[in-house]
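Reading the structure
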Amino acid sequence: MNTIFDQMLERYGDLPEGKLWNAKYEVTQQIVLAGLHHSGFFNKAAFYGGTCLRIFHGMRRFSEDMDFTLLQEDPTFHLEDYFQDIIEEFKLVGRDVIIKKKDKLTLGKVESAFLKDETDVYNLTFQTEKAIKVKIEIDIKPPLEFQTEFKKLNHPGTFLVRCMTLPCLYAGKMHALAFRTWKTRVKGRDWYDFEWYVTNEVPLDYNHLRTRIKEFNGLDLNKEDFLEVLRERLASTDIDLVKADVLGFVEDPHELDIWSNDYFLQLADRIKFV
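The rules behind each value
- Residues numbered from 1 in each chain as written.
- Predicted model: local features only at pLDDT ≥ 70, side-chain atom pairs only at ≥ 80, totals over all residues.
- Heavy atoms only, no water.
- Helix = DSSP H or I, 4+ residues; strand = E, 2+ residues; numbered from the N terminus.
- Buried < 20%, exposed > 50% of the residue type's maximum accessible area, 1.4 Å probe, protein only.
- Contact = heavy atoms within 4.5 Å.
- Core = buried A, V, L, I, M, F, W, Y, C linked by side-chain atoms within 4.5 Å.
- Phe/Tyr/Trp six-rings, centres within 6.5 Å; stacked < 30°, edge-to-face > 60°.
- Lys NZ or Arg CZ within 6 Å of the ring centre and 35° of its normal.
- pLDDT = per-residue confidence, 0-100.
- Axes fitted to C-alpha atoms, helices over the stretch in contact; angles between N-to-C directions.
- Parallel < 35°, antiparallel > 145°, perpendicular 65-115°, else oblique.
- Left-handed = near helix turned anticlockwise from the far one by under 90°.
- Nonpolar A, V, L, I, M, F, W, Y, C, P; charged D, E, K, R; others polar.
- Pairing = 2+ DSSP bridges.

Digging into the side chain of Thr3
Note that Thr3 resides in the segment before helix H1 (4-10). Residue class for Thr3 comes out buried when judged on its relative accessible area of 13%. Those residues in contact with Thr3 that sit more than four places away from it in its chain are Val93 and Gly94.

Topic: the nonpolar core
Side chains that are nonpolar tend, in soluble globular proteins, to be buried together. Counting residues in hydrophobic clusters, the biggest one holds 85 residues, and the most contacted among them are Leu33 and Phe194. Look past the residues within four positions of Phe194 in its chain and what remains in contact with it is Tyr170, Lys173, Met174, Leu177, Leu234, Phe264, Leu267, Ala268 and Ile271.

Here we look at the packing of aromatic side chains
Under the criterion given, the structure shown has 18 aromatic pairs. With a centroid separation of 6.3 Å and an interplanar angle of 25°, the aromatic rings of Phe194 and Phe264 are classed as stacked. In this pair, Phe194 is assigned in helix H6 (residues 188-199) and Phe264 in helix H10 (residues 261-269), connecting sequence segments 70 residues apart. Across this residue pair, the class does not change: Phe194 and Phe264 are buried. Among the aromatic residues, those joined into a ring-pair cluster are Phe41, Phe42, Phe47, Phe56, Phe68, Phe77 and Tyr82. Geometry around Phe62 places Arg54 over its ring, the cationic atom sitting 4.1 Å from the centre. Sitting above the plane of the Phe114 ring, Lys133 keeps its charged end 4.8 Å from the centroid.

Things to note about the confidence of the model for the protein chain
Atomic detail in the predicted coordinates should be set aside for any region of low pLDDT. Of all residues in the protein chain, 92% attain a pLDDT of 70 or more, and the chain-wide mean is 90. Contacts from residues 120-128, a stretch scored under 50 in pLDDT, to residues over four places away or in other chains number nine contacts.

Comments concerning the packing of helix H3 (residues 50-57) against H6
Interhelical geometry of H3 versus H6 gives an angle of 45° and a closest axis separation of 11 Å. Taken together, the axis directions place H3 and H6 in an arrangement best described as oblique. Both H3 and H6 take part in a crossing whose hand is left-handed. Where H3 abuts H6, its residues Gly50, Leu53 and His57 lie against Asp193, Trp196 and Tyr197. Here the contact of H3 with H6 is composed, by residue class, of three nonpolar, two polar and one charged.

Observations regarding the pairing of strand E9 (residues 159-164)
In terms of residue burial, E9 counts as a mostly covered element, since five of its six residues are buried. Sheet topology places strand E8 (residues 148-153) next to E9; six bridges connect them, and they run antiparallel. Bridge pairing links Thr148 to Met164 in E9. The antiparallel pairing of E8 with E9 creates a hairpin that spans five residues between the two strands.

Have a look at this one:
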């Protein structure tokens, strides 16, 4: 049986196994967005992060997690209230999923859940296919001063998703790049996205970035101070580790050939502000 999920996947054409797996993630993410739309979720929240950039702005790398933020603090909000709408959306496209809320909160600011696709899990002799697992996170105590817009998605049906605007998406990414605490690995995807914003001449909303830095890091930095922090990160990080992290997410590995610490320092000099 050719399900709606299968039809959505066919739009990506013939792909090698690794990139086919990434495409399955992206189709899954689009169905999550449809379920959230039908639940009224985007009356209270907005989509942001790398997956938003990939789906709505054509960034040439795949992205796993889905990040959202409330438009303002709401003590009545509970992420699990929207689980059933997502589950029902998957049933409509021919898939079965389970969603489990992650109990641990990050400083009481974030709610997390994991969506797991049960349909394709099977066991054969000497062969097992793992399930797709998508992490969904929402900032429940969000740093504000950001702008949103509605973007259209055409699959699995036509609907609108509230997203952060590009300059505010840029601000969130630059906060991650400059201030993320690295525990086990460098996140090269932040570097890839930074390059994308600069080369596409997206202006950076420093008002939102400054608010994020105040909220999460307790610092009130002007633009020059922020650029100093950023340059230190760009100059001191092992660029080979950066490349290794992002390699499995890009469509063309040769995009990374130009990467060096000096190259990213030159990109920092080209940052434009709103």
